[in-house]
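What follows is the residue order along each chain.
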Amino acid sequence: QVQLVESGGGLVQPGGSLRLSCAASGSFVSINSMGWYRQPPGNQRELVASITRGGRINYADSVKGRFTISRDNAKNTVTLQMNSLKPEDTAVYYCNMVVTGFSGYDYEYWGQGTQVTVSS
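The text that follows walks through the structure, step by step, so that each part is easy to find. Treat the numbers as computed from the prediction; the structure is a model and nothing was measured. Residues take numbers from 1 onward in each chain, read along the sequence in its written order. Since the coordinates come from a predicted model, pLDDT governs what is reported: local features require at least 70, and pairs of side-chain atoms require 80 or more to be given and counted, while whole-chain, interface and lining totals use all residues. Hydrogens and water molecules were not included; the side-chain quantities draw on all heavy atoms of the structure.

1. So, the environment of Y105
Quick note on the threshold: Each helix is a run of H or I in the DSSP string that is no shorter than four residues. Each strand is a run of E no shorter than two, and both are numbered from the N terminus. Relative accessibility decides the category of a residue: with a 1.4 Å probe and only protein chains considered, values under 20% of the type maximum give buried, values over 50% give exposed, and everything between is partly exposed.
You can see Y105 is positioned in the loop between strand 9 (91-100) and strand 10 (106-110). Residue class for Y105 comes out exposed when judged on its relative accessible area of 60%.

Next comes the structure, spelled out in structure tokens:
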């Protein structure tokens, strides 16, 4: 029904930058929220940043001032600009979207995950 395709992960040195993108395709009425989660090695998956249909944004305390989430409604995409990267940011990053289907109910989808490694 809905497929999320992520791109932009990779290896970067501390202090560097990466941009993650996620594009949604398929059938749905609207996207209610978009977000990025990450799962460090041996740890739980945690919220990094999210943005609602109304434009409300929240960030994890650990990334405030360094990461920026944005969306392109026309292209059904969400982007995470990551600056001043730290080794602690190393994780698999997952795109998340909650959409309203033609049934009128909301459904949650996840991307495949993309590896971000910050190392000197």
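2. Considerations on the packing of aromatic side chains
Selection rule: Stacked, tilted and edge-to-face are the three classes applied to pairs of Phe, Tyr and Trp rings, where Trp contributes its six-membered ring and a pair requires centres within 6.5 Å; stacked means planes under 30 degrees apart, edge-to-face means over 60, and tilted covers the rest.
Scanning the model with the defined rule gives one aromatic pair in all. Relative to W110, the ring of Y37 lies with its centre 5.0 Å away and its plane at 65 degrees, an arrangement referred to as edge-to-face. In this pair, Y37 is assigned in strand 4 (residues 30-39) and W110 in strand 10, connecting sequence segments 73 residues apart. You can call Y37 partly exposed: its relative accessible area is 23%.

3. So, the state of the cysteines
For clarity, the threshold we go by: Count a disulfide wherever a pair of cysteine sulfur atoms falls within 2.5 Å.
Under the criterion given, the structure shown has one disulfide. With a sulfur-sulfur separation of 2.2 Å, C22 is cross-linked through a disulfide to C95. Classification of the bridge connecting C22 and C95 rests on its S-S torsion, roughly -85 degrees, and on that basis the disulfide is left-handed. Pair noted here: C22 is in strand 3 (residues 18-26) and C95 is in strand 9, with a separation of 73 residues, a long-range link.

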